[in-house]
Amino acid sequence: MPSPYLPLIGEGIESSLITALGRIGPVLVTPSTISLVDCHYIVYSDAEPPSTQDTLKWLDEGAAQVAVSMAIVKELLGSVPPERLLLLLDASSVTAIPDKIQKSVSGILLKIPAVDIDFISSFRNFFRPESSVYVLPTSPITPSAHTIRELARANVSPVIPTSNLTISTTSSSQLNVGEAFAAPLTTDRPDGLFPTIVSSYLHGGKSLGLVYSSHESITESIVTGKGVYQSRKHGLWRKGETSGATQEVVSIRADCDLDALEFQVVQRGVGFCHLGTPSCFGDLHGLARLERTLQGRLEAAPEGSYTRRLFNDKELLNSKIMEEADELCTAKTKEEVAFEAADLLYFTLTRCVAVGVSISDIEKSLDKKHMKVSRRAGDAKPQWSKGKAGPDNQVKAEADPAPTKPLPTPTTQPSAVSNMIQMRTANLASVSPSERSELLRRPVLRSDEMISKAKPIIDQVRSGGDKALKELTAKFDKAILQDVIVRPPYSPEGMTLDPKVKDAIDRAYSNIYKFHAAQAEKEPLVVETMPGVVCTRFARPIARVGLYVPGGTAVLPSTALMLGIPAQVAGCGEIVLAVPPRPDGSIVPEVLYVAHLVGASAVLKAGGAQAIAAMAYGTETVPKVDKIFGPGNQWVTAAKMSVQNDTDALVSIDMPAGPSEVLVIADQTGEPSFVAADLLSQAEHGVDSQVVLVAVSLTPDRLHAIEHEVDIQAKALPRVDIIRESISKSLIVETTSIEEALAFSNDYAPEHLILHLQDAPAAVKLVENAGSVFVGSYSPESCGDYASGTNHTLPTNGYARQFSGVNTLSFQKHITSQEVSKDGLKDLGPIVVTLAECEGLEAHANAVRVRLNKM
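From a predicted model like this one, the values you see are computed outputs, not experimental measurements.

**What to know about the overall build of the chain**
Here's step 1: A count of helices and strands for the chain gives 29 helices and 33 strands.
Here's step 2: C-alpha atoms of the chain, sized along the principal axes, occupy 130 × 70 × 65 Å.
Here's step 3: Looking at the chain as a whole, 47% of its 855 residues qualify as buried.
Here's step 4: Taking contacts inside the chain between residues at least 6 apart in sequence as the whole, the part at least 24 apart equals 65%.
Here's step 5: Of the roughly 40700 Å² of accessible surface on the chain, 54% is carried by carbon and sulfur atoms.
Here's step 6: Counting 80 positive and 99 negative side-chain charges, the chain places the centres of these two groups 3 Å from one another.

**With respect to empty space enclosed by the protein**
If a probe as big as a water molecule is rolled over the atoms, it shows which places are left empty.
Here's step 1: Scanning all chains against the criterion turns up two cavities of 30 Å³ or more.
Here's step 2: Roughly 40 Å³ of internal volume is contained in the second largest cavity.
Here's step 3: Forming the boundary of the second largest cavity are Ile141, Pro143, Ser144, Thr147, Ile148, Pro158, Val159 and Ile160.
Here's step 4: For the lining of the second largest cavity, the secondary structure elements donating two or more residues are α6 (145-153) and β8 (157-161).
Here's step 5: If you tally residues by element for the lining of the second largest cavity, the top one is β8, at three residues.
Here's step 6: Looking at the lining of the second largest cavity residue by residue, the class counts come to six nonpolar, two polar and no charged.

**Details of the layout of surface pockets**
Here's step 1: Space inside the second largest pocket adds up to approximately 1900 Å³.
Here's step 2: Lining the second largest pocket are 47 residues, with Gly22, Cys39, His40, Asp367 and Met371 positioned closest to its centre.
Here's step 3: Listing elements by their share of the lining of the second largest pocket, those giving two or more residues are α1 (15-22), β3 (41-43), β7 (132-137), β15 (247-254), β16 (261-267) and α13 (359-371).
Here's step 4: Split into classes, the residues belonging to the lining of the second largest pocket amount to 20 nonpolar, 16 polar and 11 charged.

**So, the packing of aromatic side chains**
Here's step 1: According to the stated counting rule, one finds eight aromatic pairs in the structure shown.
Here's step 2: Ring centres of Phe674 and Tyr778 lie 5.6 Å apart, and the angle between their planes is 75 degrees; on these two criteria the pair is classed as edge-to-face. On the criterion of sequence distance, the pair formed by Phe674 in helix α22 (residues 672-683) and Tyr778 in the loop between β32 (772-775) and α27 (781-786) is long-range, its members being 104 residues apart.
Here's step 3: What makes Phe674 partly exposed here is its relative accessible area of 31%.

Conventions adopted
- Residues numbered from 1 in each chain as written.
- Predicted model: local features only at pLDDT ≥ 70, side-chain atom pairs only at ≥ 80, totals over all residues.
- Heavy atoms only, no water.
- Helix = DSSP H or I, 4+ residues; strand = E, 2+ residues; numbered from the N terminus.
- Buried < 20%, exposed > 50% of the residue type's maximum accessible area, 1.4 Å probe, protein only.
- Contact = heavy atoms within 4.5 Å.
- Areas by Shrake-Rupley, 256 points an atom, 1.4 Å probe, with all protein chains shown as cover.
- Lys, Arg positive; Asp, Glu negative; His and termini not counted.
- Charge placed at Lys NZ, Arg CZ, Asp CG, Glu CD.
- 1 Å grid on protein atoms, 1.4 Å probe; cavity = no way out; pocket = protein on both sides within 12 Å on 5 of 7 lines; lining within 4 Å.
- Points joined across faces, edges and corners; volume = space filled by probe spheres on them.
- Nonpolar A, V, L, I, M, F, W, Y, C, P; charged D, E, K, R; others polar.
- Phe/Tyr/Trp six-rings, centres within 6.5 Å; stacked < 30°, edge-to-face > 60°.

By themselves, these are just geometric observations and shouldn't be taken as functional.
As structure tokens, then:
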């Protein structure tokens, strides 16, 4: 059970406060404050995410845990025990965390602008109950016992800077450390006390007795380090105050239900029990008893006794240890091994007691060794191994149990060695078919998990309508809505734009409209298949469409254009545009202006799964639609897939969605700065963006120039943290010809394909699978995203093999008709009758036969 709160150690902190916090640890430190603490600590880098090397170094040096990015977790999968890692997330860019990642860490450290109990509670539901979740507010807050209690109810612990903590009385800006610890504790006892187990730190946690604690006694114990409890009859009880059997408190922990405590102490004097024994549950036993006996004999063993000889004669003791070790090695039965091990432990512990080493000292050393995640090869020294000693170099391995895979080495993961933002490299000439298949794989999308998480939101909107929409918008978007729908005419004030922005939108609208209007079918397709038999296919618009535009505080008029224009060109009768509102409940003017241009019949002020549900089922004011379009986060994608599979909704969607992706093919003529910029344009979308460079006979110098540009340009971009994660798992594939490069690209089926080739137009004929192609060095993907005319809503995750990008025909359905004349039926009828009778469908045959009989 984590502590009710996690103290963040700051510079200039008083040692007395650090000592008190160490009793209820762990504490959170930054690289600059590690040296200040001597207790369990978690490392968090507030400057930039730690590298793999930093992480391993801190763990080896004794950090209980390190908070790392998802990219580092993936690098360390199976190499570092999950209990040593926390996943560092930012609330502004939280995405779904796959089960594999969740199982590879012990918890989450969430950076959040402010303590929002509703948001945090909702966030907590997506992680395993046993995971620790800590929230770190990025803006200054004044901590309170109430906030700690509310977060504890959600199974979450706040991070509190030490500048807001004190060992003195709570004030308006500082909270007493003991009061903060006791804040979430609960009890069902009428006297309000908490059952408390007292255990011995020096004897492996052996229980000494049962006492009771109060808020007051807990606070005093934490601050003073003395065993202080609450007597049910006499009030505050300072253990040993009169008897001299005092206690030094090592740690105080709450149980998993926050209704009982454990004090681990060093007991002084005659013992814990009032009867003068070490424990209320009887005497010591095993190694603890042997240690006490040997400590007593060190002081009082008579001269000439065997024990005194062992203490005084180092050669004798060393010989006995070697003798017993040899006998243990040759023991065969279970009983023999136990017998010889007991003898060896006796002499080993005698050696320890002789030099003042206790069992607790040994346990500390074991714990320290256990903290290390790097190990030597483990071979014996030459004098013991009969010439079989192994290499002396360090190898990486999991401490316990044995590793499932080696830790990444600098040669396979350059990003772990330096701060350079760098991609992985593979050469198609040297990979096996199975390895090539692995290069084509995307991360597994656990759509079933997200659908189950989105389902409660969908059900809430379906049953609660507008009221539910308002509640969910207040919860997730922090906006209080009076109305969930805005209808035209749209307010001119709400569409006020910078003239330069308005002109850019207008010109983009013109290009996109022109290209999509050209796609529309002008005339029906009419074919006379045989004399008197005329077949026709004609297009009709989908009557009601819903267009999802991600955003809220972000400005995304481009998506509104890409979805709204083909709907307008296709002639859809009802166009509902959904967009998350800003905190004041308004819609960003750029998107509202596009809604005006495309003739949207309604704008829904909602985002996420709740917006998809409202359009799929309709509410009191939101029209039900027949097809939903648009990109979005995992919640939006899951909701779209869920409603599409519900026959009650009778709604379809545009296509399956996944992370953004780009594949760039470049030969020696490609300008490195252009190639790098194109790779980064997709890498900044999210940490799960897929970025691939296929190099065609590039020299090492040319390839290095591209990698150098990626690093330099990335570090100059505001979303560098996201880029660092996505690029670290992105890929450079080396090929020897354009044909080989296009074959790999066709198998990959990218969302965006960019051709930096000497004769790029000629290579287009080799393209079989891609969402959209950008031909030549002066055709950046950004043009297609915004204003060239093509649509930027494209298939991802390899679906370009089966799906087209959004186009005008996406907003239409095709209907066929046939007109058969009397003479035509004379020729066609017998054919139909024969086939119907062949299938045993007599009614079908009869429908033709009755007509033929009338001729």
